[in-house]
Amino acid sequence: MKANAGRFRGGWMAKALDGSSSGYYSWLKHPESRRKKENKRLEVEIKAVHEAARQTYGSPRIQAELAAKGIFCSVSVLLGASTPIEIYLSY
């Protein structure tokens with residue numbers, strides 16, 4: 001809905017998606033979740049390690065590098081966080 005906000009009114013889009021316009025506008029005002037903030041930070045760290053390793057490290061090595069920096073996460077979280085930034089890691 002947010003992507004089409006300039007093309008259509010929020011109320012129309014909410015109705016088409018079986019939602020309410022008040023729910024849509026309420027959702028717009030909510031702050032970013034803690035998980036989303038952590039994922040963004042993790043994406044930045046993954047990209048930095050990946051670039052520093054000349055794009056050769058897979059998920060186990062990147063996980064070890066992040067752990068050395070004090071950032072602990074599972075391989076599945078690492079793989080999920082790397083997908084939106086188009087870094088496809090091998091396991």
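Predicted model, so just to flag it, every value in this text is computed and none were measured. (Residues numbered from 1 in each chain as written. Predicted model: local features only at pLDDT ≥ 70, side-chain atom pairs only at ≥ 80, totals over all residues. Heavy atoms only, no water.)

## Quick notes on the environment of E65
Operational definition: By the criteria applied, helices consist of DSSP H or I runs no shorter than four residues and strands consist of E runs no shorter than two, each listed in order from the N terminus. Burial here depends on accessible area, computed with a 1.4 Å probe over protein chains only, as a share of the maximum for the residue type. Under 20% is buried, over 50% is exposed, and the range in between is partly exposed. We call two residues in contact when some of their heavy atoms are within 4.5 Å.
Relative to the helices and strands, E65 is located in helix α4 (residues 59-68). Given a relative accessible area of 34%, E65 falls into the partly exposed group. For the pair E65 and E45, spaced 20 residues apart in sequence, the C-alpha to C-alpha distance is 9.7 Å. Those residues within four positions of E65 in sequence are excluded, and the remaining contacts are V49 and Y57.

## Thoughts on unusual backbone geometry
With a phi angle near 60°, Q55 is a residue other than glycine that sits in the positive phi range. As for its position among the elements, Q55 is in the loop between α3 (34-52) and α4. Among the residues examined, Q55 registers a relative accessible area of 52% and is labelled exposed. The residue E86 is not glycine, and still its phi comes out positive at about 60°. Examined against the element boundaries, E86 turns out to sit in the segment after α5 (75-82).

## Things to note about the nonpolar core
For clarity, the cut-off: Residues grouped as a nonpolar core are buried Ala, Val, Leu, Ile, Met, Phe, Trp, Tyr and Cys residues, joined through side-chain atoms within 4.5 Å.
The biggest cluster of nonpolar side chains holds 11 residues, and these are L42, I46, V49, I62, L66, I71, C73, L78, A81, I87 and L89. Of all elements in the fold, only α3, α4 and α5 reach the threshold of two or more residues within this core. With 3 residues, α3 is the largest single contributor of residues to this core. Once residues lying within four places of it in the same chain are set aside, the contact partners of I62 are V49, H50, Y57, L78 and L89.

## Looking at the pattern of salt bridges
Rule in force here: A pair is scored as a salt bridge if a Lys or Arg side-chain nitrogen falls within 4 Å of a carboxyl oxygen belonging to Asp or Glu.
For the coordinates displayed, the defined rule picks out 4 salt bridges. Residue E38 pairs with R34 through a salt bridge whose shortest N-O separation is 2.9 Å. Separated by 4 residues within a single helix, E38 and R34 lie in helix α3, roughly one turn from each other. The exposure class assigned to R34 is exposed, which follows from its relative accessible area of 62%. For R35, the salt bridge identified is with E38, shortest N-O distance 3.6 Å. Taken together, the residues span about one helical turn, with R35 and E38 both in helix α3 at a distance of 3 residues. Residue classification places R35 among the partly exposed residues on the basis of a relative accessible area of 47%. The structure contains a network of salt bridges with shared partners spanning R34, R35 and E38.

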